[in-house]
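# Summary of the model geometry
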Amino acid sequence: MASAEESKRWVRMMTAQTPTNIAVIKYWGKRDETLILPVNDSISVTLDPDHLCTTTTVAVSPSFEEDRMWLNGKEISLSGGRFQSCLREIRRRAGDVEDREKGLRIGKSDWEKLHLHIASFNNFPTAAGLASSAAGFACLVFALAKLMNAKEDQSQLSAIARQGSGSACRSLFGGFVKWIMGNDKDGSDSLAVQLAHDKHWDDLVIIIAVVSSRQKETSSTSGMRESVETSLLLQHRVKEVVPKRIVQMEEAIKNHDFASFAQLTCADSNQFHAVCLDTCPPIFYMNDTSHRIINCVEKWNRLEGTPQVAYTFDAGPNAVLISRDRKAAVQLLQRLLFYFPPNSDTDLNSYVIGDKSILKDAGLETTRDLEALPPPPEVKDAQKYKGDVSYFICTRPGRGPVMLSDESRALLDPETGFPK
Ligand code: DP6
């Protein structure tokens, strides 16, 4: 059998697919910037990778001269500290690999000398601001662990992905996930655990409104740094509010208690944005469209007497709306399309993407059907805001990372190890 150094010709590769996630109890603030250790626990829902995911192929070959990475077809630099931390930590845990088919053996110590090629692709626009770094770093770490035969469990891998981007640690699991902040100085106990699997609460339907925005938002990384330095509300949130909410949210998820789930989710999103306003200088992530969506949901929930939908917003204006069931999702979509119809040059089929069966249940097949939508009963003189939403994505809670064994889905050429 050829040793790693003997033949320069082989390429060994692995392809993985990893979901993105939306926090329902937010992570906002670090106690250690390099290790990415948070100031509070957080909880998220993993989104169905059929609609939002990252696919990553990682390859190793003695013919590679340096570590290189391509994102959505364009080469990007790996020199940043976060990439370097992930690569270093995963190399440190690499094991022996024997590939009988290719007739090669890579010893544990060879990984230090061998270089990697990485190609990554998001099935949604990176510019939409939908936590692409979370899925990206989770996928990188998951795929490399398989390539290098690192025998770590998912939680230990999550602690490596965390060093790429905090929220990435929660994308190592499907369903409902908690990132435990931990206590250790070295960060070894700051990791993600699964609270419930993706089929645990199958009724939930998620609609994301990708809101049109011209302004460049403050990055989460610098935004949370400024909040830690200046916001008194953040101190109160971390000490008094989040610890109780985490316990209540875990209970709500366990018991499928939508009323509590919705109340906690909305309150935590609103408090996170209040912390942003309490930061000096203040940070504005939501815009008028975001506020109109909140109003729409609040008024409807009030009319019904019990929550139908929960809303949550990350570091940008997009709304993530979690409906209690399909019926509520249909009614939500009807309301959203009433208030935010597409521009005249956009057809409904590209305006509502993902699980289109909800459109069908809503009796909406063409843009013309939208004109017949009645105004929601909870408002008088409802106004319309055409063009203020770029598009909607219909999705649901989803599974965690998977390996893709079908080589046709790999992003690197199996002969050369360069992008296809
Ligand atoms: C508002 O994980 O993007 O989405 O750790 O600096 O990379 P870094 O930040 P990031 O922050 C996410 C913040 C959030 C809330 C959340 O996902 O919990």
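Scroll up to find the structure this text is about.
Before going into details, it helps to say that this report is about the structure given with it. (Residues numbered from 1 in each chain as written. Predicted model: local features only at pLDDT ≥ 70, side-chain atom pairs only at ≥ 80, totals over all residues. Heavy atoms only, no water.)

Now for the site of the ligand. Around the ligand lies a shell of 17 residues, among which Tyr27, Lys30, Ser165, Gly166 and Ser167 are the nearest. Between the ligand and glycine 166 there is a distance of 2.7 Å, counted from an oxygen atom to a backbone nitrogen or oxygen. Contact distances for the ligand include 2.8 Å between an oxygen atom and a side-chain N or O atom of threonine 221. If the ligand stood free it would expose 460 Å²; the protein chains cover 93% of that surface. Among the elements that take part in the shell around the ligand, helix H4 (residues 220–230) stands out by supplying three residues, more than any other. Taken together, the residues that form the shell around the ligand break down as seven nonpolar, five polar and five charged. When residues of the shell around the ligand are sorted by domain, at least three fall in each of domain 1 (2–197) and domain 2 (205–395). (Near = heavy atom within 4 Å. Polar contact = N/O pair within 3.5 Å; in protein donor to acceptor, adjacent residues only side chain to side chain. Areas by Shrake-Rupley, 256 points an atom, 1.4 Å probe, with all protein chains shown as cover. Helix = DSSP H or I, 4+ residues; strand = E, 2+ residues; numbered from the N terminus. Nonpolar A, V, L, I, M, F, W, Y, C, P; charged D, E, K, R; others polar. Domains from an automatic or database assignment.)

Next up on the list: the sheet that holds strand S16 (residues 309–312). The five strands are arranged S16-S17-S15-S19-S18 in an open sheet whose pairing can be described as mixed. Two strands lie at the open edges of the sheet, namely S16 and strand S18 (352–354), each paired on one side alone. Strand-to-strand twist across the sheet, computed as the mean angle between neighbouring axes with direction ignored, equals 25 degrees. In terms of strand pairing, strand S15 (residues 205–211) meets strand S17 (residues 319–323) through five bridges, oriented antiparallel. Opposite isoleucine 206, over in S17, you have isoleucine 322 as the bridge partner. In the packing of helix H6 (residues 258–277) onto the sheet, the strands contacted are S16 and S17, and the crossing angle to S16 comes to about 20 degrees. The sheet contacts of helix H7 (residues 288–304) involve S15, S16, S17 and strand S19 (389–395), and relative to S16 the element is tilted by about 160 degrees. (Pairing = 2+ DSSP bridges. Axes fitted to C-alpha atoms, helices over the stretch in contact; angles between N-to-C directions. Contact = heavy atoms within 4.5 Å.)

Taken in spatial order, the four strands make up an open sheet running S3-S6-S13-S14, and their pairing is antiparallel. Here the strands that pair on one side only, and so sit at the sheet edges, are strand S3 (21–25) and strand S14 (191–196). Strand-to-strand twist in this sheet, taken as the mean axis angle between neighbours without regard to direction, amounts to 35 degrees. In the sheet, strand S6 (residues 42–46) pairs with strand S13 (residues 176–180) via four bridges, with the strands oriented antiparallel. The residue of S13 that forms the bridge with serine 42 is tryptophan 179. Strand contacts of H6: S3, S6 and S13, with the helix running at about 95 degrees to S3, the strand carrying the most contacts.

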